[in-house]
Amino acid sequence: MRPALAPIRHGGDLQAAVRRYGRPAAGWLDLSTGINPSGYPVPPIPAEAWQRLPEDDDGLADIAARAFGARQALPVAGSQAAIRTLPQQLARGRVGVAALGYSEYAPAFAAAGHEVVLLGEADFAQPSLADGLDHLVVVNPNNPTGRLLPAKTLLGWHATLARRTGTLVVDEAFIDCTPGHSIAAHSGAPGLVVLRSLGKFYGLAGVRCGFVLGERALLDALHERLGHWTVSGPARVIARAALADAGWQAANRDRLAAWGERLSALLHRYGLQAVMQPLFCWVPHEEAARLHDALALHGVWTRRFDAAGDCPPGLRLGLPPDTQHAWQHLEAALAAVMRR
């Protein structure tokens, strides 16, 4: 019997909060996503980017490969395009996916005819995890639990899968803050696919631009299925600039690390034990639903997760904007809620 798959949900649904609680959008502190609140400064877009069809040979793929330390890269319309398409390119089999993780993977693989095996957090501590699986999906660091696995562990699972012509898919949407943990440099090997994005670290979720890193044959097959012009001309202009700006990237890592520490310390001050990643904090809590509702009544919109696998329910809080008003708003809400 196949496990029941959780419904697909995402943060950023502020209008749902507006309708439910009756507070205008301007009155909310939206922490429901893990997107950098101070993203890359978008450069001016030349007129021809709007007027001409996008061109695959504009240098974006090479710039991305260099930025990520990969052999080659395929630009796609956000990681989402790859998540929905990649399962169709892999031989059907048993696919391990975290029970509590990014909710798009399990339905995508199930729709492509794979058998989805839901994994608990304890499973990811097992060196033998890949045994008995044909493919394995790892979000690293995991969204929302913040679990960050070392490259050695991931490469060990890849070796196990590759011996059976299986595939390890590693989603590195949040890895830019800690690039030393990336395995993008190994992504040219058969059976290893790495996904990267501009949405989180660069704060450019609306651009809808991501990248698939993998062996050439797989990238060519994905490109054939997705077709031409999947990434718009203006998006390609922005992506080339952001990926080539090493100075901004380094400064941004320092900023996000400091802000993440600040958020973790603030939550701890009010009795909430958080797992910190620079772009978000994960707060496992048996009363997550009550906390979510109570914070919403104070104009703070968080992302609530139900218990799944061996994980308790919890809240994920993204970073507030870097303004005194935003941090004061959050602290006032925490003080009121936790006092009660």
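The structure this text deals with has already been given above.
Residues numbered from 1 in each chain as written. Predicted model: local features only at pLDDT ≥ 70, side-chain atom pairs only at ≥ 80, totals over all residues. Heavy atoms only, no water.

## Quick notes on the sheet that holds strand β3 (residues 94-98)
Strand order in the open sheet made by the seven strands is β2-β8-β7-β6-β5-β3-β4, with mixed pairing throughout. In this open sheet, the two edge strands, each paired with only one partner strand, are β2 (74-76) and β4 (115-119). The mean inter-strand angle of the sheet, taken between neighbouring strand axes irrespective of direction, is 20°. Alignment of strand β6 (residues 167-171) against strand β7 (residues 192-197), held across four bridges, turns out to be parallel. Counted as the bridge partner of L168 is L192 from β7. (Pairing = 2+ DSSP bridges. Helix = DSSP H or I, 4+ residues; strand = E, 2+ residues; numbered from the N terminus. Axes fitted to C-alpha atoms, helices over the stretch in contact; angles between N-to-C directions.)

## A look at helix α1 (residues 14-21)
Looking only at α1, the buried set comprises L14, A17, V18 and Y21. Each buried residue of α1 sits inside an arc of 100° when the element is viewed along its axis, so together they form one side. Looking at α1, the residues exposed on the side facing more than 90 degrees away from the buried face are R19 and R20. Among the structural elements, β1 (29-30), α10 (288-297) and β11 (300-301) are those in contact with the buried residues of α1. G22, located one to two residues past α1, shows a positive phi value of around 75°. (Buried < 20%, exposed > 50% of the residue type's maximum accessible area, 1.4 Å probe, protein only. Arc of directions from axis to C-beta. Contact = heavy atoms within 4.5 Å.)

## Description of the packing of aromatic side chains
Per the stated rule, a full pass over the model turns up 12 aromatic pairs. Judged by centre distance (6.3 Å) and plane angle (65°), the rings of F124 and W157 are edge-to-face. Of this pair, F124 sits in the loop between β4 and β5 (135-139) while W157 sits in helix α6 (residues 151-162), placing them 33 residues apart in sequence. Neither F124 nor W157 differs from the other in exposure class; each is buried. (Phe/Tyr/Trp six-rings, centres within 6.5 Å; stacked < 30°, edge-to-face > 60°.)

## Structural notes on the nonpolar core
Generally speaking, soluble globular proteins have nonpolar side chains that are buried together. Counting residues in hydrophobic clusters, the biggest one holds 71 residues, and the most contacted among them are L136, W157, F211, L243 and L330. Aside from chain neighbours lying at most four places away, what touches L136 is G96, L119, L129, W157, L161, T167, L168 and V169. Judged by nonpolar contacts, the second largest core, of 23 residues, contains L74, V95, V97 and Y105. (Core = buried A, V, L, I, M, F, W, Y, C linked by side-chain atoms within 4.5 Å.)

## A look at the environment of L266
Mapping L266 onto the fold places it in helix α9 (residues 246-269). Under the relative-accessibility criterion, L266 is labelled buried at 4%. Distance in space between the C-alpha atoms of L266 and W301 is 16 Å, their sequence separation being 35 residues. When sequence neighbours within four positions are dropped, the list of residues in contact with L266 reads W327, L330, E331 and L334.

## Section: empty space enclosed by the protein
Under the definition given, this model contains three cavities of 30 Å³ or more. Estimated volume of the largest cavity: approximately 60 Å³. As for the largest cavity, its lining consists of V97, A98, G101, Y102, Y105, F124, V137, V138, V139, N142 and R147. Taken together, the elements giving at least two residues each to the lining of the largest cavity come down to β3 and β5. Across the lining of the largest cavity, the residue classes tally to eight nonpolar, two polar and one charged. Each pocket or cavity is described by its volume, and for the second largest cavity that value is around 40 Å³. L267, L272, L291, L295, L315, L317, L334, V337 and M338 are the residues that line the second largest cavity. Elements supplying a minimum of two residues to the lining of the second largest cavity: α10, β13 (314-318) and α11 (324-339). At three residues, α11 tops the list of elements feeding residues into the lining of the second largest cavity. Within the lining of the second largest cavity, the residues separate by chemical class into nine nonpolar, no polar and no charged. (1 Å grid on protein atoms, 1.4 Å probe; cavity = no way out; pocket = protein on both sides within 12 Å on 5 of 7 lines; lining within 4 Å. Points joined across faces, edges and corners; volume = space filled by probe spheres on them. Nonpolar A, V, L, I, M, F, W, Y, C, P; charged D, E, K, R; others polar.)

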